[in-house]
Amino acid sequence: MLSIIIKEIVEKLGGSGYASEIILLKEKGMKDIVLKKFAEVFGDTEGAKVYFAPGRVNMIGEHTDYNGGHVFPAALTIGTYGVARKRNDNKLRFFSMNFEHLGIIESDLDDLKPYKEAGWTNYPKGVMWAFGEKGMKVESGMDLLLNGNIPNGSGLSSSASVEVLTGFILRDFFGFDVTNQDLALIGQFSENKFNGVNCGIMDQFSIAMGKKAHAIFLDTADLSFEYAPIKLENAKIVIACSNKKRGLGDSKYNERRDECETALAELQKVVDIKSLGELTEEQFEANKSAIASDIRIKRAKHAVYENQRTMKAVAALQANDVTLFGQLMNASHVSLRDDYEVTGIELDTLVEEAWKIDGVIGSRMTGAGFGGCTVSIVKDEAIDTFIEKVGAAYKEKIGYAADFYVVELGDGPSIL
């Protein structure tokens, strides 16, 4: 039984922005909710099935996935619930409980193109298009209702969750011969080529391949991976959502990727490498003068050092040295702030306030940055203090509230 303990804003106590209630959402309850809404929107539930794909949090290893480095993400037990039913025509009818005001958005299999006015439906449409590009044509339309309990725009990969969910549904509907790892690659392909976001593989991979109570130590250069158990005695993972919305396609994400690719090309003139992830810190320092721009040196330095930090962090976890893991999380944030410059005042405030709290083992931004979330490891006895004090300081400095979630790590996509 999938379940989550999620501290969610139900009411703001004095506008402080910390959770006033712990809500236990269980799989059956959510299944009943989405089926009831599907019947309300589409008339009945005959032939409909319920699916789930998780969101993800990256514990460490940020902006390394497109630089041939290592990442350490984990699937969450919050994610995207979908109710889908195959149709006898080519019509696509989409409805999101997160954007109810948009109503039913209609499209057609004969018109799988990204339109700005199509909004969120470009993600499932992109996956359908990607299957066709891979020689697996979607032969009939569907009615699809989604309900996500990932905070929208949080950086917990709501878009990748929708992509993996859609691929999982298509495999179930049409019997396509694809593995969960293939679903991740198809999702990434659709986001790159259909939605124009030049993302790496981490988000889709960690969602498609998630394993309860484990994170995934993934080498993005060759997709080799191993599951590493997350054993946090007397501590929990707490996600703080800045509530600053961001869209990767509208951010400087693609610009950072271009900077790293240019730096790589410059380094390749003096060292035989295929990616920045192949370099040690010492090799980078010995050859960085080949990079013609100080900005690009900083970007490449982050990619190299963050990759090494990630390997050290996983080794620390395997040695049950959670304190060292936390220190490496902190160093990761500093690098993302100073060398990669993707944090911003919102994420920096959340992290810097977290560092002040006794019982915080480590804290850093997670995701692409430019808004979104932080991830912290917090001792059980400090969680309430953490949420209250960080929430209050954030509200005072930024002007609006952050939301806090105490999360569990879960499995990959499933049929409910």
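Read on for a plain summary of the structure. Keep in mind that what you see is a predicted model, and the values were worked out from it rather than measured.

Calculation notes
- Residues numbered from 1 in each chain as written.
- Predicted model: local features only at pLDDT ≥ 70, side-chain atom pairs only at ≥ 80, totals over all residues.
- Heavy atoms only, no water.
- Pairing = 2+ DSSP bridges.
- Helix = DSSP H or I, 4+ residues; strand = E, 2+ residues; numbered from the N terminus.
- Salt bridge = Lys/Arg side-chain N within 4 Å of Asp/Glu carboxyl O.
- Expected span 1.5 Å × (residues − 1).
- Buried < 20%, exposed > 50% of the residue type's maximum accessible area, 1.4 Å probe, protein only.
- Axes fitted to C-alpha atoms, helices over the stretch in contact; angles between N-to-C directions.
- Contact = heavy atoms within 4.5 Å.
- Phe/Tyr/Trp six-rings, centres within 6.5 Å; stacked < 30°, edge-to-face > 60°.
- Lys NZ or Arg CZ within 6 Å of the ring centre and 35° of its normal.
- Polar contact = N/O pair within 3.5 Å; in protein donor to acceptor, adjacent residues only side chain to side chain.
- Left-handed = near helix turned anticlockwise from the far one by under 90°.
- Nonpolar A, V, L, I, M, F, W, Y, C, P; charged D, E, K, R; others polar.
- Core = buried A, V, L, I, M, F, W, Y, C linked by side-chain atoms within 4.5 Å.

1. Remarks on the pairing of strand β10 (residues 224-229)
Part 1 of the reasoning: Relative to β10, strand β9 (residues 214-219) is paired through six bridges, and the arrangement is antiparallel. Within β10, the position partnered with I216 by the bridge is Y227.
Part 2 of the reasoning: Between β9 and β10, which follow one another and run antiparallel, lie four residues, and L223 among them has a positive phi close to 65 degrees.

2. With respect to the pattern of salt bridges
Part 1 of the reasoning: A full pass over the atoms with the stated rule returns 26 salt bridges.
Part 2 of the reasoning: Where R87 meets D143, a salt bridge forms, and the shortest distance between an N and an O atom there is 3.0 Å. Linking R87 in the loop between β5 (73-86) and β6 (91-96) with D143 in strand β8 (residues 142-148), this pair joins segments that are 56 residues apart in sequence.
Part 3 of the reasoning: For K244, the salt bridge goes to E346, with nearest N and O atoms at 3.8 Å. Of this pair, K244 sits in the loop between β11 (235-241) and α6 (253-267) while E346 is found in helix α10 (residues 344-355), placing the two residues 102 residues apart along the sequence.

3. Digging into helix α11 (residues 383-398)
A turn of α-helix holds 3.6 residues, and therefore any two residues three or four places apart point the same way.
Part 1 of the reasoning: With 16 residues, α11 extends 21 Å from end C-alpha to end C-alpha; this agrees with the ideal 22 Å at 1.5 Å per step.
Part 2 of the reasoning: Within α11 the residues assigned to the buried category are I383, F386, I387, V390, G391, A393, Y394 and I398.
Part 3 of the reasoning: Phi for G399, located one or two positions after α11, is positive at around 105 degrees.

4. Focus: the sheet that holds β11
Part 1 of the reasoning: Strand order in the open sheet made by the four strands is β12-β13-β11-β14, with antiparallel pairing throughout. Here the strands that pair on one side only, and so sit at the sheet edges, are β12 (360-366) and β14 (403-407). The sheet shows a mean angle of 20 degrees between the axes of neighbouring strands, taken without regard to direction.
Part 2 of the reasoning: As paired elements, β11 and β14 share five bridges and run antiparallel to each other. Bridge pairing in β14 places A240 opposite F404.
Part 3 of the reasoning: Packing against the sheet, α10 makes contact with β11, β12 and β13 (373-379), and its axis sits at approximately 175 degrees to β12.
Part 4 of the reasoning: Set on the sheet, α11 makes contact with β11, β12, β13 and β14; between it and β14 the angle comes to about 160 degrees.

5. Structural notes on the environment of M329
Part 1 of the reasoning: Assignment of secondary structure puts M329 in helix α9 (residues 322-338).
Part 2 of the reasoning: Linking M329 and Y394, residues 65 residues apart in sequence, is a C-alpha distance of 20 Å.
Part 3 of the reasoning: The contacts of M329, once residues within four sequence positions are left out, are M59, I60, G362, S363, R364, V375, S376 and I377.

6. Thoughts on the packing of aromatic side chains
Part 1 of the reasoning: Across all of its chains, the model carries 17 aromatic pairs by this definition.
Part 2 of the reasoning: Measuring from ring centre to ring centre gives 6.4 Å for Y51 and F173, while their planes differ by 75 degrees; the resulting arrangement is edge-to-face. Remark: F173 occurs in helix α3 (residues 158-174) and Y51 occurs in strand β3 (residues 49-58); sequence separation between them is 122 residues. Both residues of the pair, Y51 and F173, belong to the buried class.
Part 3 of the reasoning: Residues Y66 and Y253 carry aromatic rings whose centres are separated by 5.6 Å and whose planes lie at 70 degrees to one another, so their mutual orientation is edge-to-face. Here Y66, found in the loop between β3 and β4 (70-71), pairs with Y253, found in helix α6; they are 187 residues apart in sequence, far enough to count as distant. Accessibility classification places Y66 together with Y253 in one group, the buried group.
Part 4 of the reasoning: Pairwise contacts between aromatic rings join Y51, F131, F168, F173, F174 and F176 into one cluster.
Part 5 of the reasoning: In this structure, K134 packs its charged tip against the face of F189, placed 4.1 Å from the ring centre.

7. Digging into the side chain of T220
Part 1 of the reasoning: Inspection of the secondary structure puts T220 in the loop between β9 and β10.
Part 2 of the reasoning: The exposure class assigned to T220 is buried, which follows from its relative accessible area of 11%.
Part 3 of the reasoning: From its side chain, T220 meets the backbone oxygen of G69 in a polar contact 2.6 Å long.
Part 4 of the reasoning: Discounting chain neighbours no more than four positions away, the residues touching T220 are T64, D65, G68, G69, V71 and I201.

8. Focus on the sheet that holds β5
Part 1 of the reasoning: Judged by pairing direction, the sheet is mixed, and its six strands sit side by side in the order β7-β6-β8-β5-β3-β15 without closing on themselves. Taken across any chain shown, the strands that pair with only one partner, and hence form the sheet edges, are β7 (105-108) and β15 (414-415).
Part 2 of the reasoning: Contacting β6, β7 and β8, helix α2 (residues 122-133) crosses the sheet at an angle of about 145 degrees to β6.

9. Considerations on the packing of α10 against α11
Part 1 of the reasoning: Two elements in contact, α10 and α11, have axes separated by 9 Å at closest approach and are oriented at 145 degrees. The handedness of the crossing between α10 and α11 is right-handed. Of the residues in α11, those in contact with I345, E346, T349, L350, E353 and A354 of α10 are F386, V390, A393, Y394, K397 and I398.
Part 2 of the reasoning: When the residues that make up the contact of α10 with α11 are grouped by side-chain class, the tally is eight nonpolar, one polar and three charged.

10. Concerning the nonpolar core
Part 1 of the reasoning: Within the largest apolar cluster, 43 residues are counted, with the highest numbers of intra-cluster contacts made by M128, F131, M142, I169, L170 and F205.
Part 2 of the reasoning: For this core, the element with the most residues is α3, which contributes eight residues.
Part 3 of the reasoning: For M128, the residues in contact, after removing those within four places along its chain, are L92, F94, L109, L112, V138, M142, T166 and L170.
Part 4 of the reasoning: Among the nonpolar cores identified, the runner-up in size contains 32 residues, and M59, I60, F325 and L328 belong to it.

Purely spatial values, then, with no claim about function.
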